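# Fold and geometry: a report
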Amino acid sequence: MTAAAETASRSAAVETFERHYRQLAFTRNLYTWGSLALLLFALSASLWFANEANAGKFWDRLPHVFDFVSWLTPDDWNDVWRAMFDLATPNTDGSQATDYPEGRHYLTESFYIPEYFLLIWETVNVAILSTLIAFVLGFALCFLAAANVTGSWIARSIVRRCLEIFRAFPEIVIAGVFATIMGLGPIPAIIAITVHTIGALGKLFFEVVENAEMRAVEGVKSVGGGWLQQIRYGLVPQVLPNFLSYGLLRLEINVRASTIIGAVGGGGIGEQLKLSISNSYGAKACAIILLLFLTVLLIDQFSAYLRRKLVGNQAFLVAA
């Protein structure tokens, strides 16, 4: 090939590349501007609906959206600690807003646990029990949903559709249904969080299984191991650290979900938080919010520590 022909061929290749790049850039810009237009339309429609739903008072009330902060700000910030630990306050006015010692729960004649600490422990217990039950059931179902383990597409489809149904409904909706049947308390909260968590963990688990290395499974199969033996010795050792990591992460989410469900009658600290905010009990509301923040922070840090031990620092590189 002559130098002129080589130069012409190179120019043609560059021109083809640039034309293809321009086409890709045009398509990308088209999708970007189209998405922005849809977002602006949805935002405008939402604001219009909000204004209509509030009889045209939405924009008039918008500047007062944070007025509740002034309603819940205590006159004496020391009352926040007094409310948290059920200590008497010198600022009492005879109302429930400053009646802190009434909630004492004695374990012995000389030792007691403040009411809010017992309620936060109830909330955490709901989350722990729900996560444990969901972890076991999600673990059992995920192998039936994985394409590289279960050959029957009928069985996989049934299990996957069940998992989709479980996670399709928010916990608060499920809790409302079971609260109607069983009455208020922690049991509907446990059922609601468990059902939703089975769907969420089951999906995460079977995706981990489908990405597992299958050579160990084939090795067990080659020496006559049955389906359960292939799962037990070929897959479980690979996927269990990731399963535990996802389970701990879900526990963090379930603590917050348990608080929200408690606000609608599921027991625990959420119910007291709702009552305190509704009645403008500033010190009590601030005490509960602070206690919740510290509890969730402690659980998050402990869970992150355990997950690092299980799967290593590489699981946190993306988040960092």
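Described below are features of the structure shown in this document. (Residues numbered from 1 in each chain as written. Predicted model: local features only at pLDDT ≥ 70, side-chain atom pairs only at ≥ 80, totals over all residues. Heavy atoms only, no water.)

In the structure shown here, the tally under the stated rule is 8 salt bridges. Linking R250 and E171 is a salt bridge whose minimum nitrogen-to-oxygen distance equals 3.4 Å. Of this pair, R250 sits in helix 10 (residues 227–266) while E171 sits in helix 7 (residues 171–182), and the two are 79 residues apart along the sequence. The class for E171 is buried, based on a relative accessible area of 14%. For R215, the salt bridge goes to E213, with nearest N and O atoms at 3.2 Å. With a relative accessible area of 61%, R215 lands in the exposed category. One continuous salt-bridge network, built from bridges that share partners, spans D76, D79 and R82. (Salt bridge = Lys/Arg side-chain N within 4 Å of Asp/Glu carboxyl O. Helix = DSSP H or I, 4+ residues; strand = E, 2+ residues; numbered from the N terminus. Buried < 20%, exposed > 50% of the residue type's maximum accessible area, 1.4 Å probe, protein only.)

Let us now look at the packing of helix 5 (residues 115–145) against helix 10. Here helix 5 crosses helix 10 at 150°, and the two axes come no closer than 8 Å. Taken together, helix 5 and helix 10 sit at an angle that is classed as roughly antiparallel. Between helix 5 and helix 10 lies a crossing whose hand is right-handed. Split into classes, the residues belonging to the contact of helix 5 with helix 10 amount to 17 nonpolar, 6 polar and no charged. (Axes fitted to C-alpha atoms, helices over the stretch in contact; angles between N-to-C directions. Parallel < 35°, antiparallel > 145°, perpendicular 65-115°, else oblique. Left-handed = near helix turned anticlockwise from the far one by under 90°. Nonpolar A, V, L, I, M, F, W, Y, C, P; charged D, E, K, R; others polar.)

Below, the discussion takes up helix 7. Over its 12 residues, helix 7 runs 16 Å from end to end, which matches the ideal 16 Å to within 8%, given 1.5 Å per residue. Residues E171, I174, A175 and A179 constitute the buried set of helix 7. What you see down the axis of helix 7 is that its buried residues fit within an arc of 135°, all on one side. More than 90 degrees from the buried face of helix 7, the exposed residues found are T180 and I181. Those residues of helix 7 that are buried are in contact with helix 6 (153–168), helix 8 (186–210) and helix 10. Two residues or fewer after helix 7 comes G183, characterised by a positive phi angle close to 90°. (Expected span 1.5 Å × (residues − 1). Arc of directions from axis to C-beta. Contact = heavy atoms within 4.5 Å.)

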